[in-house]
Amino acid sequence: MSVSGMKKQLHKASQLLNERLMGAEGTKLDEDFLKMEKSMAVIHALLAELLSKTTEFLQPNPAHRARLSMLSTMSRIRGQARASGYPQTEGMLGDCMLLYSQELGPASEFGGALAAVGGALQQVGQARDALDVSVKRTFIDPLQDLQNSELKEIKFQLKKVNSRRLDFDYKRRRSGKVPAEEMRHAWDKFMTSKELAERSMFVLLQNDVDQISFLAALVAALLDFHRSAHRVLVGLHGNLQGRLTAASNKPERRFRSKKIRIRGDLTESSVGFYQQPSATLTSGQQFTVLQSRPGSPISTYAHSPLTLDQPCCRALYSFLPNHEGELGFSEGDIIVLTGQADANWYEGALAGRSGLLPVSYVDVLVPLPLQ
């Protein structure tokens, strides 16, 4: 800084101290200018608070926000796009439900319901991600541009107005020691800065259309999210009501204790049932023949020897086909399993007939081989 510049700064500081401590009176700005300056201070504070609160609304966990901010900074340094997004709570809950639905298996009605709810919550989480993107693009980014461009420029102009006012008032206070031409030049600079700042504030304060459009975009993004979430949850509610009705109408399953089957040279009294030795097929495979007898679990369903040499299941309930391609059977029937169509249907054969049978209606005795 030059010597003249340093002297000017000292003169301004002297004038400011005289006004604050000695009660010296400075040049009064008109009421309209002061009112606009106060409005600009309010808008500046509002934008800073609004941007912060909107980010907290979209991303409530401060630890995750800090981590995303760090990753975003590192990505910008490396010239890469940010890879990970904010972990939405709905998506995290949905992932948990889907994980345990797989653990329960396809035969569990509760597991199927968990899978349905987990999938729906994942969709709600994806809608939340879309809300984040939309609000950032249509609300946060425009407000940040306003804060970093127009408001920043106006703040700089107001600072210059105050600086030039102090310079003028200092020279006016030293009237007689400061040349009139220099004082007139300081006045012109002060008025030029005031007019420029006043015009900029007036334009911003009169341009309410842009600010209202930003708020409308925020509300539209929220409305889109809630519509999507409502559509997903209504469908899920119907799904669960159907599952609840089906589970309520399912025939009651009676408990039947099963005795342990053990291979070896054990007597009937030691294992609780008669077991014939394993027979050898021409292919070299082994199978076990279980002889039914009164009082044994097997005799409840059949009165002949049961050969478990291939994948099969036992019917827990009677099933009447509702569509072509389904296999009808009665409670206690032993059905040969030939495959599995999906999580809810097996493929099987019984008495020369074949077709689809529901998973929840049977108890698997010999499971299908792993694919």
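Everything below is about the structure shown above.
Please read these numbers as outputs of a predicted model, since none were measured by experiment.

Cut-off values and rules
- Residues numbered from 1 in each chain as written.
- Predicted model: local features only at pLDDT ≥ 70, side-chain atom pairs only at ≥ 80, totals over all residues.
- Heavy atoms only, no water.
- Helix = DSSP H or I, 4+ residues; strand = E, 2+ residues; numbered from the N terminus.
- Buried < 20%, exposed > 50% of the residue type's maximum accessible area, 1.4 Å probe, protein only.
- Contact = heavy atoms within 4.5 Å.
- Areas by Shrake-Rupley, 256 points an atom, 1.4 Å probe, with all protein chains shown as cover.
- Axes fitted to C-alpha atoms, helices over the stretch in contact; angles between N-to-C directions.
- Parallel < 35°, antiparallel > 145°, perpendicular 65-115°, else oblique.
- Left-handed = near helix turned anticlockwise from the far one by under 90°.
- Core = buried A, V, L, I, M, F, W, Y, C linked by side-chain atoms within 4.5 Å.
- Pairing = 2+ DSSP bridges.
- Disulfide = S-S within 2.5 Å.
- Salt bridge = Lys/Arg side-chain N within 4 Å of Asp/Glu carboxyl O.

J.: Explain the overall build of the protein to me, and be specific about the residues and the numbers.
T.: Helix and strand content of the protein: 9 helices and 9 strands. The burial tally for the protein puts 32% of its 371 residues in the buried class. Taking the contacts inside the protein whose residues are at least 6 apart along the sequence as the reference set, 59% of them involve residues at least 24 apart. Of the roughly 24,000 Å² of accessible surface on the protein, 57% is carried by carbon and sulfur atoms.

J.: Before we move on, can you summarise the packing of helix H2 (residues 31–58) against helix H7 (residues 180–206) with the specific residues and values?
T.: Direction vectors running N to C along H2 and H7 enclose 55 degrees, while the axes themselves pass 10 Å from each other. The orientation of H2 with respect to H7, classified from their angle, is oblique. Remark: the crossing between H2 and H7 carries left-handed chirality. Counting all contacts with H2, which are made through Phe33, Met36, Glu37, Ser39, Met40 and Ile43, the residues of H7 involved are Lys194, Ala197, Glu198, Met201, Phe202, Leu204 and Leu205.

J.: Which residues make up the nonpolar core, and what values go with them?
T.: Counting residues in each nonpolar core, the largest one holds 36 residues, and the members touching the most others are Phe33, Val135, Phe139 and Met201. Those elements that place two or more of their residues in this core are H2, helix H5 (109–148), helix H6 (150–173), H7 and helix H8 (208–249). Counting residues in hydrophobic clusters, the runner-up holds 12 residues, among them Ala315, Phe319, Leu327 and Tyr346.

J.: Kindly report on the sheet that holds strand E5 (residues 312–315), identifying the contributing residues and their values.
T.: Taken in spatial order, the 5 strands make up an open sheet running E8-E7-E6-E5-E9, and their pairing is antiparallel. The sheet is open, and its two edges are formed by strand E8 (353–358) and strand E9 (362–366), each paired on a single side. With direction set aside, neighbouring strand axes in the sheet form an average angle of 40 degrees. Bridge count for E5 against E9 is 4 bridges, and the pairing is antiparallel. By the bridge assignment, Ala315 is partnered in E9 with Val362.

J.: Residues and numbers for the pairing of E5, please.
T.: Burial along E5 is two-sided: Cys312 and Arg314 facing one way and Cys313 and Ala315 facing the other are all buried. As defined by bridge partners, E5 adjoins strand E6 (residues 334–340) across 3 bridges and the pair is classed as antiparallel. Directly across from Arg314, in E6, lies its bridge partner Ile334.

J.: Lay out the state of the cysteines in plain terms, naming residues and giving numbers.
T.: For the coordinates displayed, the defined rule picks out 0 disulfides. Summary of cysteine pairing: Cys312 is not part of a disulfide, and the nearest cysteine sulfur, belonging to Cys313, is at 7.0 Å. Judged by relative accessible area, Cys312 falls into the buried class, the value being 3%.

J.: I'd love a proper account of the pattern of salt bridges, names of residues and values included.
T.: Summed over the entire model, instances satisfying the criterion amount to 11 salt bridges. The closest approach of N and O atoms between Lys171 and Asp167, which form a salt bridge, is 3.4 Å. Of this pair, Lys171 and Asp167 both sit in helix H6, 4 residues apart, which is roughly one turn of the helix. On the accessibility criterion, Lys171 (10% relative accessible area) is buried. Lys171 is the partner of Glu182 in a salt bridge, and the nearest nitrogen-oxygen pair spans 3.3 Å. Note that Glu182 is positioned in helix H7 and Lys171 in helix H6, a separation of 11 residues in sequence. Take Glu182: its relative accessible area is 37%, and that puts it in the partly exposed class. The network of salt bridges with shared partners includes Asp30, Lys194 and Glu198.

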